[in-house]
Each structure stands twice: as C-alpha cells, then as structure tokens.
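Coordinate analysis (summary)
Residue strings, one per chain:
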Amino acid sequence: MVTTPRLPHAPSAPLPELEAFLEPLHVHFKRSESRHAMERYLTGLLTEHPNKNCDTLAQVVPGTSEQSLQGLLTNMRWDEHALNNQRVARLHALRTEGDGVLIIDDMGFPKQGNASVGVARQYSGALGKVDNCQVTVNLTYAERTIAWPLATRLYLPEKWANDAARRTKAHVPDEVRFQTKAEIALDLLDWALAEGIPFVAVTSDADYGDQPFFLDQLERRTLRYVMPVRRDFTVRASLERGSERADALIAAQPKRAWQTLSWREGSKGRLRARFVALRCWRQSDSVRWVEGWLIGEVPARGQAGDPRWYWSNFPLETPLARLVEYAHRRHQVERFHQDAKTLLGWDQYQGRRWDGFHRHAVLVMLAYSFLVWSEWQQRAQRGNPGRRAFSPSAGSPTPIPGGGPSAGARLAASACH
C-alpha cells in the first residue's frame, strides 16, 4: 500500500472540526491569548511531529511561540480541573451503551535528574522495574465500543511530600500531602462519584486488587468490582477450612468445572480462555472474612497467555461471562497509555512544575477525547456504533493533505480499518 508521507507541520488556521470541539470550552479562558495558545497547543499535539514539547511544537505550529505555549502551562489563568470536568461531561453526553467500567492504572515517565516534580527512583509497572521516573495514577472509562481517560494525578513520593524546599520550587500546592497510590485512586473514584459518572464496575491491576484495604474501601462505597489478584492471594473455600493460596485452590478444580469463554475480537479473531469461578472468602483489612468470587483463567487451546486470578464482589447470580468481559476491558487503558505517549506526547513534558505537569496531562486527554469524539460522530453518521473501542493508533498510516495533518482524514481512515 503506497501512502503519502505525513507532514510534521500544522496548518496556520485552526482545523474546523477541532475549533468546533473546543468552542464550548472557551468559557475557561477569559483572554483571547490563552484561548489561542490552547488551540495551538492542541493542534501541535495532533501533528505527526515526533517531539512534542513547547520548544519543538513552536517550530512546527504557526502563529505561536515557545513562550506562549509555556505560559499556557504555567502562568496563564485557567482552571484545568474545571476544563477536565466539562470535557468528561461532554463525552458522557454521547449516546453509548452506558455500561462503563472504571479502570485504575499507573503510568511511569522516565526522567533524568531529580528536579522534576515527583521524580524519584521508584517502581513503575509500565516500565516493569525500579527506575528514575515520575508515576501517575490514572482513571479511565471504558465500554465495549468506546473508551476515554477521566482523570490523572501525579504520585508524590513521601520524600518529596515532606521536602518544603522542593515543594516550593516545583509549585506543589499546600493541600497536596503524601498519599499512597491506592489512596489517590480512591480520591479519583470519589471525584467520579461526585461528578455523577455512571458505571457498573471497577477494575485495575493486581497492585490494587491485592490490597485488602483497597477492596474494603470499594465495598464501603458500595461499588462492584472485578480485580486482578496475585497467585498468592489468600482465600478460604469455606469458613470452616483454613487459608489457601488462590493459585493452589484454582489448580485443584476438576476439568469439568472449567468453561471456555471469549470476550472481544482481537487482531487474529476472538480472544478466548478457560475460566473457573468459586464462591470463596477473602480476609478484609479488619480481619473479617468477606464472601465473593475467586476466578481463575488459563489460556484456551491455541491461545497464548499466562494464568490469571481475579476477585470480585458481584452477587451470586452474576454470569461468569459478564465478569470476564468486565475484567478484560483493562486492555483499553493500555491502548490509551500507548497512544497518549506515542501519538500525543504525554511523556514529553519537559517542565518541572506540578501545575505544568497536570495542565499538559489535561490537554493530552483533551486531544485524545477530540479524536474519540470525532470518530464517534462518524460512527453515528454511518449508523454503526462499532464492535470495539476506538484507538487513534488503529489502522494504517493515512495520507495527509498538503496544508497539514487533518484529524478528520486520519479518523475516517482509522474508522475504515
């Protein structure tokens, strides 16, 4: 397939579809200079230029400067939280299936030195190791056919949180205190509840599911969940029996107890695995034993993958296929992380300040939401909501008009694929 090389430079005039998307958000920018800087920043994030910091974007986006773009992230007056709330409300106005799952996950940003806010030698699940990096806790909304980011917050290590001089230099707000990642995740969930975001379940990775404190807090909020847990997660098959590891109990189940289930279409056909579910008890943070589902997963014939284990508090009558589908929506947050980094430059912020880091993150989520919103409009016009969630990276490279990278052209080609 022959394609026209995509140009790294942005058009001088705003993209009409982007301008229409941003118009309701102008209320957050009192001055025309800040509205213009926001549009130019978003346009830069949507280009094919590989480097997306204020310096490089100013070189490929006409009508702006590094000073203007940097000022948008630090000195200009606008409320990134209010902007993000309106973005989320607008996406929830789309007509969808309404069975969203909230996904909690971490993302690591490798960094040199020790001056950037929150940077430290710490474990990053995305990197799979301890490294010098920043780590965010993220909340994502995912249905079967649409997904978008909700909120993000930087994890501030305890040494950072207790260092007044570093806090002042990095403009960390006084109200920000040390919180574990689980506590930050709960704050983000509380925000989603306060905003009235409808959802049917919560999922994450095993770093959260393995914490009795976190599971207890979900249940105190009367939230349903399907959480991955590690193989040594402690359960009881009955209250009369002793404690067992999840992997040992699952491995002891007879072959007839297992069933093959599929949950979505993959690049090589339907994804499927074999599952078994047992009604068990887990230990809570207060040494109580709490009833729920222990679910085991192993690859089906012809499928690759590792064994997995889940804990869920859904009621007894819940079909196992539904729990499996909810748990496997987590792949959508991994796609978002990849797209946000490789296409939209989330990991390329070079400033050192708390406000700049979070404003850049909000604008990256806004750019991603524009792509989702535009593609969903095209689906609605075709009368086909689709079978899988949109990802900007889906499909092959597409031709770009000579005037600059057209988001509309990219979206139409992505939808066809």
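Scroll up for the structure.
In this text the structure is predicted, and so the values were computed from the model without any measurement.

Notes on the overall build of the chain
- Across its full length, the chain holds 15 helices and 12 strands.
- Within the chain, the proportion of its 417 residues that are buried is 53%.
- Of all intrachain contacts in the chain linking residues separated by at least 6 positions in sequence, the fraction that spans at least 24 positions is 66%.
- Here the chain has roughly 19000 Å² of accessible surface; of this, 49% comes from carbon and sulfur atoms.

Remarks on the environment of Val 287
- Turning to its location among the elements, Val 287 is positioned in the loop between strand S10 (269-283) and strand S11 (289-299).
- Given a relative accessible area of 58%, Val 287 falls into the exposed group.

Some details on helix H10 (residues 212-220)
- Residues of H10 that are buried include every one of Phe 214, Leu 215, Asp 216, Gln 217 and Leu 218, and no others.
- Its buried side turned inward, H10 meets strand S1 (101-110), helix H8 (181-194), helix H9 (206-209), strand S6 (226-229), S10 and strand S12 (308-312).
- One or two residues past the end of H10 sits Thr 222, with phi positive at roughly 55°.

Structural notes on helix H14 (residues 354-382)
- Taking 1.5 Å per residue as the helical rise, H14 with its 29 residues ought to reach 42 Å, and the 43 Å between its terminal C-alpha atoms agrees with that figure.
- In terms of residue burial, H14 counts as a mostly covered element, since 25 of its 29 residues are buried.

With respect to the packing of aromatic side chains
- Overall, the coordinates contain 14 aromatic pairs when judged by the stated rule.
- Ring plane angle 55° and centroid distance 5.4 Å describe the contact between Tyr 208 and Phe 214, whose orientation is recorded as tilted.
- Using a relative accessible area of 2% as the deciding quantity, one classes Tyr 208 as buried.
- Look at Phe 214 and you get buried, because its relative accessible area is 0%.
- Ring geometry for Phe 336 versus Tyr 368: centroids 4.8 Å apart, planes at 75°, classification edge-to-face.

What about the packing of helix H5 (residues 80-92) against H14?
- Across the interface, H5 lies against H14 with an axial gap of 10 Å and an inter-helix angle of 15°. Considering the angle they form, H5 stands roughly parallel to H14. Relative to H14, H5 is oriented so that their crossing is left-handed. Residues Glu 80, Leu 83, Asn 84, Arg 87, Arg 90 and Leu 91 of H5 touch H14, and the partners they reach there are Arg 359, Val 362, Met 365, Leu 366, Ser 369 and Trp 373.

Considerations on the side chain of Asn 53
- Inspection of the secondary structure puts Asn 53 in the loop between helix H2 (32-45) and helix H3 (54-60).
- A polar side-chain atom of Asn 53 sits 3.0 Å from the main-chain amide nitrogen of Thr 56.
- Apart from residues no more than four positions distant in its own chain, Asn 53 is found in contact with Gln 348 and Gln 350.

Side note on the pattern of salt bridges
- Per the stated rule, a full pass over the model turns up 23 salt bridges.
- For the salt bridge of Glu 33 with Arg 31, the shortest nitrogen-to-oxygen distance reads 3.6 Å.
- Judged by its relative accessible area of 43%, Glu 33 is partly exposed.
- Among the charged side chains, a salt-bridge network with shared partners connects Glu 97, Asp 99, Arg 144, Glu 325 and Arg 329.

So, the pairing of strand S3 (residues 129-142)
- Burial runs high along S3: 11 of the 14 residues are buried.
- In terms of strand pairing, S1 meets S3 through 10 bridges, oriented antiparallel. Residue pairing for S3: Ile 103 is matched across the bridge by Thr 140.
- Sheet topology note: the strand S2 (residues 120-124)/S3 ladder contains five bridges and is antiparallel. Within S3, the position partnered with Ala 120 by the bridge is Cys 133.
- From the end of S2 to the start of S3, which pair antiparallel, there are four residues, and Gly 128 there has a positive phi angle of about 75°.
- Summarising the sheet, S3 and strand S4 (residues 147-154) pair through seven bridges and their orientation is antiparallel.

Brief notes about unusual backbone geometry
- Despite not being glycine, His 171 shows a phi value in the positive range, around 60°.
- Summarising the element assignment, His 171 is placed in the loop between helix H7 (164-169) and H8.
- A positive phi angle is found at Thr 222, which is not glycine, with a value near 55°.
- Considering the arrangement of structural elements, one finds Thr 222 in the loop between H10 and S6.

Scoring rules and cut-offs
Residues numbered from 1 in each chain as written. Predicted model: local features only at pLDDT ≥ 70, side-chain atom pairs only at ≥ 80, totals over all residues. Heavy atoms only, no water. Helix = DSSP H or I, 4+ residues; strand = E, 2+ residues; numbered from the N terminus. Buried < 20%, exposed > 50% of the residue type's maximum accessible area, 1.4 Å probe, protein only. Contact = heavy atoms within 4.5 Å. Areas by Shrake-Rupley, 256 points an atom, 1.4 Å probe, with all protein chains shown as cover. Expected span 1.5 Å × (residues − 1). Phe/Tyr/Trp six-rings, centres within 6.5 Å; stacked < 30°, edge-to-face > 60°. Axes fitted to C-alpha atoms, helices over the stretch in contact; angles between N-to-C directions. Parallel < 35°, antiparallel > 145°, perpendicular 65-115°, else oblique. Left-handed = near helix turned anticlockwise from the far one by under 90°. Polar contact = N/O pair within 3.5 Å; in protein donor to acceptor, adjacent residues only side chain to side chain. Salt bridge = Lys/Arg side-chain N within 4 Å of Asp/Glu carboxyl O. Pairing = 2+ DSSP bridges.

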